[in-house]
Amino acid sequence: MAFNKMWYTIALGLLLPFSYAHTDFFTSIGHMTDLINTEKDLVVSLKDYIKAEESKLEQIKKWAEKLDQLTDTATKDPEGFLGHPVNAFKLMKRLNTEWGELESLVLKDMSDGFISNMTIQRQFFPNDEDQTGAAKALLRLQDTYNLDTDTLSRGNLPGVKHKSFLTAEDCFELGKIAYTEADYYHTELWMEQALKQLDEGEVSSADKAYILDYLSYAVYQQGDLGKAMMLTKRLLELDPEHQRANGNMKYFEYIMAKEKEANKSSTDSEDQMEKETEVKKKDYLPERRKYEMLCRGEGLKMTPRRQKRLFCRYYDGNRNPRYILGPVKQEDEWDKPRIVRFLDIISDEEIETVKELAKPRLSRATVHDPETGKLTTAHYRVSKSAWLSGYESPVVSRINTRIQDLTGLDVSTAEELQVANYGVGGQYEPHFDFARANEPDAFKELGTGNRIATWLFYMSDVSAGGATVFPEVGASVWPKKGTAVFWYNLFPSGEGDYSTRHAACPVLVGNKWVSNKWLHERGQEFRRPCTLSELE
């Protein structure tokens, strides 16, 4: 029997357009999009491998069927069958040659191409840090936007184009990540969600016993001994020999007995401690609470009297020659501090150019360390950024000139244009753009003084979340593609305006691109003269 020569090719496909390996994928949706192309390439490669295996099995099947018929006939009359010289020759040939060829075919590994592709692509895969970062982002979104686990699990989010849901196994994984961070509050929420979905009949590889094991301990760590015992009993019903559960149950019963013996004085002491803890929480949480409320659009509303002082106008940059005949649209977003928005101030073409220039250079966004004055990454800033100079592109140069014309401030001493793309649940928690009195060396290496003002371009619309909020005053500024907002960080006296403390809310749904220009004090001496009053 002659076998057809089998061959197949599995293209290595497109590699990520970056020469570097893993770089915090979860901090930039822009970089994560490249992973979609990688996964698509791997699916194509996998399907090619499946076709090759199917082709191989088909040939083996045909050979087996043919020999099944032949051997059935031969075994009924072996001598008569071999009496024909051709049959005798072909038997010798099959056993000496063709069965060996079949053996080689069976042993042939068809996965080489797919494994080779996987090996090449794996160096660009996200790692455990990315998975943990993405999980923490979901927990952050859950807290910031008051989402219950069922809503998040079912993917019922505002503005979604491609609805997705979490399986019981996904929920279990989120709970485990929270557990490793000693975040027992979220461990309980997500283990309960996993258990709920399994109880509702979802088919999953997640094991109820494992879930109950994590859940009971998380509940116990939060002080709910009764519920922890109830969950442990349920675990023991599933697995009576579970060693840890049996040990925990004895321990819980011992603790429960001790609590019953506790006297009133210990209860009073606990009540006092709870009150003290509550006071501490109240001292710590106001800004966080205001920040999250503003992110949800639940912030302070301006009085009608204040709203009447906000206007929209055509603005010519104080009679700037470039804008006298073609003024730009400007509107007031807030009065104190004064925040203005410029509409249709950057074109779609300019936005795409800036993004194309920035994307290959995007790296984890940094913040100034107040102690060292150096740049460092921070968990409260989840994004990637790149810096663009005016000399690199006429588009960037034109943008810089536009900022100077409309603000009246000298951009020659400003920092380069910073382009930022936010990741999963991307955010930048409340911060100041300017250096405070206790940070004298923050911008020392620049030699251009403090950050006098901030100009912020919105280069994408965001389906949900992603607002720029000012917790001190209750202002929320929502992203709108093609617009920019501007505010002063310093009073004319050079003192910092603490009401400009602001934050970038987590992106709930969508992809947020921004670029900003930080303008510095040097060069503004005659453009924005100092005043004698500290707060003017």
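Structure's up top.
Residues numbered from 1 in each chain as written. Predicted model: local features only at pLDDT ≥ 70, side-chain atom pairs only at ≥ 80, totals over all residues. Heavy atoms only, no water.

Draft legend 1. Region of the structure containing helix H5 (residues 128–144). Under the 1.5 Å per step criterion, the end-to-end length of H5 is 24 Å for 17 residues, consistent within 8% with the ideal 24 Å. Within H5, burial applies to Asp130, Gly133, Ala135, Ala137, Leu139, Arg140, Leu141, Gln142 and Thr144. Positive backbone phi, approximately 50 degrees, marks Asn146, located one or two places after H5. (Helix = DSSP H or I, 4+ residues; strand = E, 2+ residues; numbered from the N terminus. Expected span 1.5 Å × (residues − 1). Buried < 20%, exposed > 50% of the residue type's maximum accessible area, 1.4 Å probe, protein only.)

Draft legend 2. Summary view of the packing of aromatic side chains. Across all of its chains, the model carries 21 aromatic pairs by this definition. With 6.0 Å between their ring centres and 65 degrees between their planes, Tyr179 and Tyr217 make a pair best called edge-to-face. With Tyr179 in helix H7 (residues 168–180) and Tyr217 in helix H9 (residues 208–221), this pair connects stretches of sequence that are 38 residues apart. Measuring from centroid to centroid gives 4.9 Å for Phe342 and Trp455, while their planes differ by 25 degrees, and the two rings are stacked. Here Phe342, found in strand E3 (residues 339–343), pairs with Trp455, found in strand E10 (residues 451–458); they are 113 residues apart in sequence, far enough to count as distant. With respect to burial, Phe342 and Trp455 carry one shared label: buried. Each residue in the set Phe172, Tyr179, Tyr184, Tyr214, Tyr217, Tyr220, Tyr251 and Phe252 is aromatic and connected to the rest through ring pairs, giving one cluster. When the ring centre of Tyr422 is taken as reference, the NZ or CZ atom of Lys512 above it lies at 4.7 Å. (Phe/Tyr/Trp six-rings, centres within 6.5 Å; stacked < 30°, edge-to-face > 60°. Lys NZ or Arg CZ within 6 Å of the ring centre and 35° of its normal.)

Draft legend 3. View of the nonpolar core. Core analysis: the biggest nonpolar cluster contains 45 residues, and Tyr145, Trp190, Ile211, Val469, Cys505 and Leu508 have the highest contact counts within it. Setting aside its immediate chain neighbours within four residues, Tyr145 contacts Cys295, Arg296, Gly465, Gly466, Cys505, Pro506 and Leu508. Membership of the second largest hydrophobic core comes to 35 residues, among which are Val354, Ile403, Met459 and Phe486. (Core = buried A, V, L, I, M, F, W, Y, C linked by side-chain atoms within 4.5 Å. Contact = heavy atoms within 4.5 Å.)

Draft legend 4. Structural context of the sheet that holds strand E15 (residues 502–504). Here four strands make up an open sheet; going across it, the order is E9-E15-E12-E13 and the pairing antiparallel. Either end of the sheet is taken by a strand with one partner, and the two such strands are strand E9 (428–431) and strand E13 (475–477). For this sheet, the mean inter-axis angle between neighbouring strands, taken without regard to orientation, is 15 degrees. Pairing between E9 and E15: two bridges, direction antiparallel. Bridging from a neighbouring strand, Tyr428 pairs with Ala504 of E15. (Pairing = 2+ DSSP bridges. Axes fitted to C-alpha atoms, helices over the stretch in contact; angles between N-to-C directions.)

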